[in-house]
Amino acid sequence: MTDELNFRPMGNRFRGFLPVVVDVETGGFNPKTDALLQIAAVFLRMDKDGFIQRDRTLSCHVQPFEGANMDPKSLEVNGINPWHPLRIALPEDEALQRVFREVRQDIKRNHCTRAILVGHNAGFDLAFVNATAERAQVKRNPFHPFSNLDTVTLSALAYGQTVLAKAVKEAGLPWDNSEAHSATYDAEKTADIFCDVMNRWNRQILPLEASAMDKAL
């Protein structure tokens, strides 16, 4: 109940857009030909003072589509064995429908009109989301089709770093190399960076707003 009392919808924070942090693991770099193997979405919440934090994470392993390319070098990096008997993976349409459904619910909860994808090199993740939705004929994609919020740019501004691991460390947050290149881990660390930059800005703005209000009085 306390958390709900301290909840503030983000409808007016990002011009009606709801930031949702997404990371994908894939079989290569081409969203048209290479497999989407894992997708993670991190949902955020904002408190009454405008500070943002991680709320919850949704992650799905995804079955490669028929004829999908899977570069052995990409699989070596992300450590995914697409055919492992214990790997519980969903077809593309089911995985995206599950993520999109949660995103649409959060859009409504936050009084927003559409979601905007937040990612580290966000164009890569958004391209795979869009290509997979088109290929699997998943309707009502809640994400803006081309706009995004990229933590590479935010990290360069705030920390002087562009690599996710280095940005996380520069922000004073923990980083575990053994967990990296999991969509869940990378999405959560990207969310931490996004929240940290937004909250640093908010801390700068609050005293200015208070000073302006004092002058008005």
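Everything that follows concerns the structure shown earlier in this document.
Counting from 1, residues in each chain are numbered in the order their sequence is written. Only residues with pLDDT of 70 or above have their local features reported here, since the model is predicted, and side-chain atom pairs are shown and tallied only from 80 upward, although totals for entire chains, interfaces and linings are computed over all residues. The side-chain numbers reported here are obtained from all heavy atoms of the structure, hydrogens and water having been left aside.

Peer 1: Give me the environment of V42: which residues, what numbers.
Peer 2: For V42, the location among the structural elements is in strand β2 (residues 36-46). For V42 and G28, which are 14 residues apart along the polypeptide, the C-alpha to C-alpha distance reads 23 Å. Apart from the residues within four sequence positions on either side, V42 is in contact with V20, V21, R54, R56, T57, A187, E188 and A191. By definition, any uninterrupted DSSP run of H or I lasting at least four residues is a helix, any uninterrupted run of E lasting at least two residues is a strand, and each is numbered from the N terminus. By the convention used here, residues are in contact when the closest approach between their heavy atoms is within 4.5 Å.

Peer 1: Explain the pattern of salt bridges to me, and be specific about the residues and the numbers.
Peer 2: Only one rule defines a salt bridge in this text: a Lys or Arg side-chain nitrogen within 4 Å of an Asp or Glu carboxyl oxygen. With the rule as written, the count across this model stands at nine salt bridges. For E134, the salt bridge goes to K32, with nearest N and O atoms at 3.4 Å. With E134 in helix α4 (residues 122-135) and K32 in the loop between β1 (17-26) and β2, the pair connects residues that are 102 residues apart, well separated along the chain. Each member of the pair, E134 together with K32, is exposed. Here E92 ties to R135 by a salt bridge, and the two come within 2.6 Å at their closest N and O atoms. With E92 in helix α3 (residues 92-109) and R135 in helix α4, this pair connects stretches of sequence that are 43 residues apart. The structure contains a network of salt bridges with shared partners spanning D55, R56, E102, D106 and R109. Relative accessibility thresholds used throughout: buried, under 20% of the residue-type maximum; exposed, over 50%; partly exposed, between the two (1.4 Å probe, protein chains only).

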